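One-letter residues, chain by chain:
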Amino acid sequence: TVSVLNWIPSRHNTMGCICQKEKARRHGGPPVPARFAGRLAAVSGDAAAAAVYVDAAMHYEDESEYEQAEAAAAHALELMKRSGMYGGGLTARAYNARGLAALNMGRYAAAKGFFEKALVCDRDAKSDRELRDKAVTLENLGALHYTLHDYDAALKRYEEALAITKKANPHSVATAQNALGIANVHYHRGFLAEARTVYTSALGIFQRAGERGSVAVALCNLANAHRCIGELNAALARYAEALRIEELLYPASLDIAETYHYVGLAHLARGAFGEAEDWLHKARRLFGRHAPGGLEMAKSDVGVGNLLMLTGREGE
């Protein structure tokens, strides 16, 4: 999931912030984080500056600063057009950055347009770097279609991306990420055995790569597949593994609340109502802290409501 990025100057660094903003203005663009401002100061010409702004956009993306990512990527595209270097891999990366920002801000039509422009730029991909960029674009389109519940389109794009990454390196993190996307599609279409198989494959790659955050995601998704199939002991074991990682990486987070909720549902399915109540209320407290009016709390209401109904306490 994963701040010097908001650009709020400390009382002890006001002059540094002003200087960094001035460096960005040499290229007519928005302020960027300090490390990118230094790079901008060292380059000459719009083409080189565009590459810096693309990197800054992706950095903002990693920090969930989506408006800043959008501004940096948009300016990178302006610089590319101005310098005559529009098109190709760097342009595709800029459009992907804009698309991810739009996707994360719920602007789905805009995201689709940006990702499709990136795919046009990637159409003649031949080198390893160009093909990696194309796989990223296809994966992003898969994620967009998945978010919109267009599972046929999502599966098509994830499989296209997987064909590229698997040919390059069947044991890469990129291969596992696309496999995870395919497994998610299978899960939501009700093909649970297929989802379980692909989740297991992706999990093994993430574990060998030491990608702990991705390991936790794969474990929790695999546990969900086990739970829905009725393999409750296997589900609880996988949830426990996921929680050991999440509690180290994301203590008291929304991610942990989701896992607590699913553990509660697994106990509910096995008729262990006391354990189910403990876990569901543990999740509910965190949902209330992080997303009191969100879908997560609505989901929690359903889980707690089912518990009360099964224990004859509907009036509570």
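Residues numbered from 1 in each chain as written. Predicted model: local features only at pLDDT ≥ 70, side-chain atom pairs only at ≥ 80, totals over all residues. Heavy atoms only, no water.

Draft legend 1. View of the packing of aromatic side chains. All chains considered together, the criterion is met by five aromatic pairs. For the pair Y86 and Y95, a centre-to-centre distance of 6.2 Å together with 90° between the ring planes defines the contact as edge-to-face. According to the relative accessible area criterion, Y86 is partly exposed, its value standing at 38%. Aromatic side chains Y146 and Y151 sit 5.9 Å apart centroid to centroid with 55° between the ring planes, which places their arrangement in the tilted category. Note on Y151: relative accessible area 16%, which makes it buried. A network of ring pairs unites the aromatic residues Y86, Y95 and F114 as a single cluster. (Phe/Tyr/Trp six-rings, centres within 6.5 Å; stacked < 30°, edge-to-face > 60°. Buried < 20%, exposed > 50% of the residue type's maximum accessible area, 1.4 Å probe, protein only.)

Draft legend 2. A look at the environment of E258. With respect to the helices, strands and loops of the structure, E258 is situated in helix 13 (residues 254-269). Separated by 147 residues in the primary sequence, E258 and A111 place their C-alpha atoms 27 Å from one another. (Helix = DSSP H or I, 4+ residues; strand = E, 2+ residues; numbered from the N terminus.)

Draft legend 3. Seen up close, the nonpolar core. By size, the foremost hydrophobic cluster in this structure holds 44 residues, and its most contacted members are Y199, F206 and Y239. At the level of elements, helix 9 (173-188), helix 10 (192-209), helix 11 (212-229), helix 12 (232-249), helix 13, helix 14 (273-290) and helix 15 (295-310) are the ones that each hand at least two residues to this core. In this structure Y199 touches L180, A183, N184, Y187, N221, L222 and A225, once residues within four positions along its chain are discounted. The next biggest cluster of nonpolar side chains, apart from the first, holds 40 residues, and it includes V54, A76, L90 and Y95. (Core = buried A, V, L, I, M, F, W, Y, C linked by side-chain atoms within 4.5 Å. Contact = heavy atoms within 4.5 Å.)

Draft legend 4. Fine view of the state of the cysteines. In total, this model carries zero disulfides according to the counting rule given. With no disulfide of its own, C228 lies 11 Å from the sulfur of C220, the closest cysteine sulfur. (Disulfide = S-S within 2.5 Å.)

Draft legend 5. A look at the side chain of H267. Structurally, H267 is set in helix 13. Since its relative accessible area comes to 10%, H267 is described here as buried. The residues touching H267, leaving out its near neighbours within four places in the chain, are L236, A272, E275, A276 and W279.

Draft legend 6. Broad picture of helix 8 (residues 151-168). Given a rise of 1.5 Å per residue, 18 residues ought to cover 26 Å, and the 26 Å separating the end C-alpha atoms of helix 8 matches this to within 8%. Among all positions in helix 8, only Y151, A154, L155, R157, Y158, A161, L162, I164 and T165 are buried. Packing partners of the buried residues in helix 8 comprise helix 6 (108-121), helix 7 (128-147) and helix 9. (Expected span 1.5 Å × (residues − 1).)

Draft legend 7. Representation of the pattern of salt bridges in the model. With the rule as written, the count across this model stands at 14 salt bridges. A salt bridge links E231 to R196; the nearest nitrogen and oxygen atoms lie 2.6 Å apart. In this pair, E231 is assigned in the loop between helix 11 and helix 12 and R196 in helix 10, connecting sequence segments 35 residues apart. The shortest N-O distance in the salt bridge between E258 and K299 comes to 2.7 Å. (Salt bridge = Lys/Arg side-chain N within 4 Å of Asp/Glu carboxyl O.)

Draft legend 8. Spatial organisation of unusual backbone geometry. The backbone phi angle of S64 is positive, close to 60°, even though this residue is not glycine. Mapped onto the secondary structure, S64 falls in the loop between helix 3 (46-62) and helix 4 (66-83). Using a relative accessible area of 39% as the deciding quantity, one classes S64 as partly exposed. For A252, which is not glycine, the phi torsion reads 55° and is therefore positive. One can find A252 in the loop between helix 12 and helix 13.

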